[in-house]
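Residue strings, one per chain:
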There are 4 protein chains.
Amino acid sequence: MTSEKRPKRVHDFALTRWRGGTVDPRPCRIETRVRYAETDQMGVVYHANHLVWFEMGRVEWLDRLDLPYRAIEKEGLQLPVIEIGCRYQAPARFDETLVIETRFIGVTRARARFGYRLIGPTGIPIAEGYSEHAAVDKDLHPVRIPDWLLEVLDQPAESEEEQPA
Amino acid sequence: MTSEKRPKRVHDFALTRWRGGTVDPRPCRIETRVRYAETDQMGVVYHANHLVWFEMGRVEWLDRLDLPYRAIEKEGLQLPVIEIGCRYQAPARFDETLVIETRFIGVTRARARFGYRLIGPTGIPIAEGYSEHAAVDKDLHPVRIPDWLLEVLDQPAESEEEQPA
Amino acid sequence: MTSEKRPKRVHDFALTRWRGGTVDPRPCRIETRVRYAETDQMGVVYHANHLVWFEMGRVEWLDRLDLPYRAIEKEGLQLPVIEIGCRYQAPARFDETLVIETRFIGVTRARARFGYRLIGPTGIPIAEGYSEHAAVDKDLHPVRIPDWLLEVLDQPAESEEEQPA
Amino acid sequence: MTSEKRPKRVHDFALTRWRGGTVDPRPCRIETRVRYAETDQMGVVYHANHLVWFEMGRVEWLDRLDLPYRAIEKEGLQLPVIEIGCRYQAPARFDETLVIETRFIGVTRARARFGYRLIGPTGIPIAEGYSEHAAVDKDLHPVRIPDWLLEVLDQPAESEEEQPA
């Protein structure tokens, strides 16, 4: 909402507490239209809804890898969110069409991370954030991220030595 | 969800990117009972709902200062969330009664921050997080946090030189 | 919102399309405090949230029969909503404490119905509604409501020959 | 969920307690993709979310009349929901693309009504419902539906003498 908090680089914030990180060669953009239900009495979107939009972006990102999340769940694997962060840059308003931009940040044997940007109608940044996921089985017991998933997620990309700010 | 991510101190995470911070002499605890509507098909609470519980804690915290948020809004001031972070430690489940613990982290002329812990029925940590707020007027234009609010928020507390991990 | 739509009797509306109905000897009242997240940009609570409050009332009603819904689910039985109705009488606002009043309307071999009233701080009626439920197994296949549940729900109450308006 | 409750005609249910009703010459269809956030621990969509989908359909229906709801609000007019009804016919599931079909049912000086059908991927009916709306000003005081709105809504359509079941 104020300019001094504007990140210097795309996905600065997405690297919070994350070592490493690659330039995602598969950025994914989808659109969503703001629902009345998503607003609050401040006249703008309630801040928890941005996390749902991140989920929409993530689902679409996996789809484009031919790895729909519903198929992952059918394999008995689930990827619950274990950490989330979001910085709100400008309010989102009812009936606006927003762009949800999703990038893959990185994966280890135990965790995977995605970064997000929400962009408003005139190109104005609405929010940026990240989600970190663990892998669990049907009973929510932690498991290692299986090879078949790791291989798809961790396709070679241009490595960029990035460190959290 | 895994032990190696367990924070060393309470509210470690709440200090992410925040300079300074005091020991809040006014911790506030309320309870909430998990609604069916708050669960998802993983069988546990969907992660965006934790942010709503943080809001409940914050509203109560302000109440206990005789500074109800609805009264703040009547003064023409609003405190939108400009940054949020949450680390999920264990799933929350339908019908559980959770404790929402809210602490004041700090305030500057432009921002205020709260830290939160969610605690499950057996004392198990469910999540910890923080929210950072700007001050805006009715038209959502940024304003400085007014003196009357600053004075109430920033009551002398034991100062503790804390730095983000 | 207008007086000509005010029901003549309590739970008139709850009997819509329902034959029979008894005077529930076990009315149940709980309170809920309106969350900021539940408001929309009209400055009042978004209408879908009233259904969640009905759910809270229903869960509590079952609790008081020593029949918690989580225990019903553990028996492999689920009671999805198959019809819902709500009439909104006055807006609910942020931070108000509302009373959720739940009454049992009736049960057949295949369906059960509950009626609800939401009451505002000054006793003003906020909404009245009903939910009708089927019984399904874990795979969502329809089943008859089992005897153990029927017996608890359908305890003798004063019968009143009521017909839908 | 059971076949005997299948309505004999389209929008039977939408006419509940409503006198008259016309065949809407402007049915409107949009799609929505089920979000993970919209599911609950039953493994299907939580029933309150269907009301949000109805809202999406209604907003689109108004758009196609060149009467976007955001423009109506700019005129100082709001159309809060004063009655809602929904019958659930089959569960909606994560990641399904649903069709939201919206029809205009009728308007009086004080009220307007819309009917909805939700249709699943294979053409299966998911739910049908209706919403009735009052007109209020910015302060939520009831007003008559203004002529400019009445004229657009109540365009001549083939009249069909329908009575509520």
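Residues numbered from 1 in each chain as written. Chains lettered and ligands numbered in written order. Predicted model: local features only at pLDDT ≥ 70, side-chain atom pairs only at ≥ 80, totals over all residues. Heavy atoms only, no water.

Regarding the interface of chain D and chain A
One frequent convention defines the size of an interface as the accessible area lost when the parts assemble.
1) Next: Listed as interface residues are 19 residues of chain D and, on the opposing side, 19 residues of chain A.
2) Next: Roughly 1600 Å² of surface becomes buried between chain D and chain A when both sides are summed, with 46% attributable to carbon and sulfur atoms.
3) Next: The interface formed by chain D and chain A contains 8 salt bridges.
4) Next: Linking D:Glu38 and A:Arg35 is a salt bridge whose minimum nitrogen-to-oxygen distance equals 2.8 Å.
5) Next: The set of elements that each furnish at least two residues to the side of chain D that touches chain A consists of strand 1 (28-33), helix 1 (49-63) and helix 2 (69-74) of chain D.
6) Next: It is helix 1 of chain D that contributes the most residues to the side of chain D that touches chain A, 7 residues altogether.
7) Next: Residue composition of the side of chain D that touches chain A, grouped by class: 8 nonpolar, 2 polar and 9 charged. (Contact = heavy atoms within 4.5 Å. Buried area = accessible area lost by both parts, 1.4 Å probe. Salt bridge = Lys/Arg side-chain N within 4 Å of Asp/Glu carboxyl O. Helix = DSSP H or I, 4+ residues; strand = E, 2+ residues; numbered from the N terminus. Nonpolar A, V, L, I, M, F, W, Y, C, P; charged D, E, K, R; others polar.)

Details of the pairing of strand 1 of chain D
Residues and elements named next belong to chain D.
1) Next: Burial along strand 1 is one-sided: the face carrying Cys28, Ile30 and Thr32 is buried and the face carrying Arg29, Glu31 and Arg33 is not.
2) Next: Here 6 bridges tie strand 1 to strand 3 (residues 97-107), and the two strands are oriented antiparallel to one another. Across the sheet, Arg33 pairs through a bridge with Thr97, a residue of strand 3. (Buried < 20%, exposed > 50% of the residue type's maximum accessible area, 1.4 Å probe, protein only. Pairing = 2+ DSSP bridges.)

What to know about the relation of the copies chain D and chain A
1) Next: With an RMSD of 0.0 Å, the operation that places chain D on chain A is a rotation of 180 degrees combined with a shift of 0.0 Å along the axis. What we have between these two chains is a two-fold relation. Minimal C-alpha separation from the rotation axis in chain D is found for D:Thr32, amounting to 4.9 Å.
2) Next: Both copies contact each other with a shared surface, as 100% of the interface residues of chain D are interface residues in chain A too. (Least-squares fit on C-alpha atoms with pLDDT ≥ 70 in both.)

Things to note about the sheet that holds strand 3 of chain D
1) Next: Strands sit in the order 1(C)-3(C)-4(C)-5(C)-2(C)-2(D)-5(D)-4(D)-3(D)-1(D) across an open sheet of 10 strands; the sheet is antiparallel. Looking at which strands have only one partner, the edges of the open sheet turn out to be strand 1 (28-33) of chain C together with strand 1 of chain D. Here the average twist between neighbouring strands, direction ignored, is 20 degrees.
2) Next: Judged from the 7 bridges that link them, strand 2 (residues 81-88) of chain D and strand 5 (residues 125-134) of chain D form a sheet pairing that is antiparallel. (Axes fitted to C-alpha atoms, helices over the stretch in contact; angles between N-to-C directions.)

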